[in-house]
Amino acid sequence: MSELNNIALKIIEEGKGVLAADESTGTMTKRLNSVNVESTPESRLTFRETLFTSESMKTCIGGVILYDETIKQSSSLGGKIPDLISKTSAIPGIKVDTGAKVLANSPDEKITEGLDNLRERLKEYYKLGARFTKWRAVYIISKNYPSKLSIFSNAHALARYAALAQENGLVPIVEPEVLMDGNHYAEECLKKTSEIIKKCYDELILNKVDLKGTILKPNMILPGNKASEKLNTNEIAELTLKCLKDSVPTEVPGIAFLSGGQSEIEATENLNSINKNNNTSFKMTYSYGRALQQSALKFWSKDTKNTKGTQAIFNHRAKMCSLAAQGKWSQNIEKQDN
Ligand code: 13P
């Protein structure tokens, strides 16, 4: 078994998933300001350290995605942040794209940048302790979108990133995110997401990426957030499984979903339904940002000194996601554990 495959399997070990704590400074500032906390390097670190020292890190979190600022910060307990994470047995990872910018000749769409100097940055992140990476491409759905240009350009960039990450001993998380914005039906999301994922694998294969040493981070198949259509959780699971079964090569060891604007409960319930009905060879787990952090952040913002209280909320959420990753979550457990 290759080292990259080993790392990927450890991140998505049974009952574990990924904590996506890699918000850029701009996004983290928005999140902190929304709960009336000033965004400074110290406040960003304090909140994140509160999560990284929680009990559930040992049992529910296989990997943590960091942002460039955080991976270089020192922990208040001594040592660097990646060392703090490694001590919990979770694997430190790093977001390496530099953000989604306007796509030339299709200005409503975005292309993710960050290939310049990527090889050098990967070497630096490896030395800092990272063993996996993330690159996020974003796509919109509407009558004419996503365009062929955005599907091709983002797949090409994702594949070049993934090849470079593996060259430097790091597992690439490949994240093509189809945004939920809009009034489209779930069928449309299914069709577009499948086309996007297939194109990503065409490019990954062309770039000779070892698929066993990668993890896919897709969206679930949902109707647009302004759509009149409403699906129940089993319908969402069925469409999501259909999409992944049809478009992901079986060598890929696992799939870790983004939450993408779903509430904490929706993201948990839908992951649980996916696992209850999982008829694929893929491990299905979480790589959540908002759906793991939202309630903890809200609580923490009211009393930033209350580490234990914040951790209790994060531990509960992580435990619920862990159960969902095994198809063992229920509304009753959700209430009883609270
Ligand atoms: P959300 O779960 O909040 O969508 O974030 C996941 C992520 O890492 C997006 O790139």
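I will try to describe carefully the structure that is included in this document. Here the structure is a predicted model, which means the values were calculated and not measured.

Focus on the overall build of the chain
Tallying secondary structure elements over the chain gives 14 helices and 10 strands in all. What you see for the chain is a C-alpha radius of gyration of 19 Å, in line with the 20 Å of a compact globule of 338 residues. Residues counted as buried form 57% of the 338 residues belonging to the chain. Residue pairs at least 24 apart in sequence account for 78% of intrachain contacts in the chain once pairs closer than 6 positions are excluded. Summed over its atoms, the accessible surface of the chain is roughly 14400 Å², and 51% of this surface lies on carbon and sulfur atoms.

Brief notes about unusual backbone geometry
The omega torsion across Tyr145 and Pro146 is 0 degrees, close enough to zero to call that bond cis. When you line up the elements, Pro146 lands in the loop between strand E6 (132–139) and helix H8 (148–167). Backbone geometry at Ser89 places phi at a positive 85 degrees, although glycine is not the residue there. Within the secondary structure, Ser89 is located in the loop between helix H6 (81–87) and strand E3 (91–95). A relative accessible area of 32% places Ser89 in the partly exposed class.

Focus: the nonpolar core
Within the largest apolar cluster, 87 residues are counted, with the highest numbers of intra-cluster contacts made by Phe52, Ile61, Val64 and Tyr288. Excluding its chain neighbours within four sequence positions, the residues that come into contact with Phe52 are Leu19, Ala21, Met57, Val64, Leu66, Thr70, Ile81, Leu84, Ile85 and Thr88. Core analysis: the second largest hydrophobic core is formed by 14 residues, Ala8, Ile65, Ile91 and Ile215 among them.

Looking at the pairing of strand E7 (residues 171–178)
Burial analysis of E7 places 8 of its 8 residues in the buried class, the great majority of the element. Alternating positions in E7 separate into two faces, Val171, Ile173, Glu175 and Glu177 on one and Pro172, Val174, Pro176 and Val178 on the other, with burial throughout. As paired strands, E6 and E7 are joined by 8 bridges and run parallel to one another. Residue pairing across strands places Tyr139 opposite Val178, the latter belonging to E7. With H8 bridging E6 and the parallel E7, this β-α-β connection has right-handed handedness.

Structural notes on the environment of Tyr125
You can see Tyr125 is positioned in helix H7 (residues 118–127). Separated by 32 residues in the primary sequence, Tyr125 and Gly93 have C-alpha atoms spaced 8.7 Å apart. Sequence-distant contacts of Tyr125, defined by excluding residues within four places in its chain, comprise Asp68, Ile71, Ile94, Val96 and Ala130.

What about the packing of aromatic side chains?
In the structure shown here, the tally under the stated rule is 3 aromatic pairs. Ring geometry for Trp135 and Tyr161: centres 5.3 Å apart, planes at 25 degrees, overall stacked. On the criterion of sequence distance, the pair formed by Trp135 in strand E6 and Tyr161 in helix H8 is long-range, its members being 26 residues apart. Each member of the pair, Trp135 together with Tyr161, is buried. Pairing Tyr286 with Tyr288 gives two aromatic rings, centres 5.9 Å apart and planes at 40 degrees, and the pair type is tilted. Summarising the burial analysis for this pair, Tyr286 and Tyr288 share the class buried. Just above the ring of Tyr126 sits the side chain of Arg131; from NZ or CZ to the centre is 3.6 Å.

Let's talk about H7
Within H7, burial applies to Leu118, Arg121, Leu122 and Tyr125. Buried residues of H7, viewed axially, fall in a sector of 100 degrees; they line one side. Directly beyond the C-terminal end of H7, a positive phi value near 115 degrees is found at Gly129.

Some words on the packing of helix H3 (residues 41–52) against helix H12 (residues 290–302)
Running from N to C, H3 and H12 point in directions that differ by 120 degrees, and their axes come no closer than 11 Å. One finds that H3 runs oblique with respect to H12. As for the relative orientation of H3 and H12, their crossing is right-handed in sense. Between H3, through Ser43, Thr46, Phe47, Thr50 and Leu51, and H12, the contact on the second element is made entirely by Gln293, Ala296, Leu297 and Trp300. Split into classes, the residues belonging to the contact of H3 with H12 amount to 5 nonpolar, 4 polar and no charged.

A word on the pattern of salt bridges
This model, assessed by the stated rule, comprises 17 salt bridges. Between Asp337 and Lys319 there is a salt bridge, with its nearest N and O atoms 2.7 Å apart. On the criterion of sequence distance, the pair formed by Asp337 in the segment after helix H14 (331–336) and Lys319 in helix H13 (residues 307–324) is long-range, its members being 18 residues apart. Overall, Asp337 belongs to the partly exposed group, its relative accessible area being 28%.

Focus: the site of the ligand
The local shell around the ligand holds 13 residues, among which Lys134, Lys217, Ser259, Gly260 and Arg290 are the closest. Here Lys134 contributes a side-chain N or O atom positioned 2.5 Å from an oxygen atom of the ligand. At 2.7 Å from an oxygen atom of the ligand is found a side-chain nitrogen or oxygen belonging to Lys217. Burial of the ligand by the protein amounts to 92% of the accessible area it has alone, namely 300 Å². Secondary structure elements with two or more residues in the shell around the ligand: E6 and strand E10 (283–288).

Cut-offs applied
- Residues numbered from 1 in each chain as written.
- Predicted model: local features only at pLDDT ≥ 70, side-chain atom pairs only at ≥ 80, totals over all residues.
- Heavy atoms only, no water.
- Helix = DSSP H or I, 4+ residues; strand = E, 2+ residues; numbered from the N terminus.
- Rg over C-alpha atoms; globule rule 2.2 N^0.38 Å.
- Buried < 20%, exposed > 50% of the residue type's maximum accessible area, 1.4 Å probe, protein only.
- Contact = heavy atoms within 4.5 Å.
- Areas by Shrake-Rupley, 256 points an atom, 1.4 Å probe, with all protein chains shown as cover.
- Core = buried A, V, L, I, M, F, W, Y, C linked by side-chain atoms within 4.5 Å.
- Pairing = 2+ DSSP bridges.
- Right-handed = clockwise from strand over helix to strand, strands pointing away.
- Phe/Tyr/Trp six-rings, centres within 6.5 Å; stacked < 30°, edge-to-face > 60°.
- Lys NZ or Arg CZ within 6 Å of the ring centre and 35° of its normal.
- Arc of directions from axis to C-beta.
- Axes fitted to C-alpha atoms, helices over the stretch in contact; angles between N-to-C directions.
- Parallel < 35°, antiparallel > 145°, perpendicular 65-115°, else oblique.
- Left-handed = near helix turned anticlockwise from the far one by under 90°.
- Nonpolar A, V, L, I, M, F, W, Y, C, P; charged D, E, K, R; others polar.
- Salt bridge = Lys/Arg side-chain N within 4 Å of Asp/Glu carboxyl O.
- Near = heavy atom within 4 Å.
- Polar contact = N/O pair within 3.5 Å; in protein donor to acceptor, adjacent residues only side chain to side chain.

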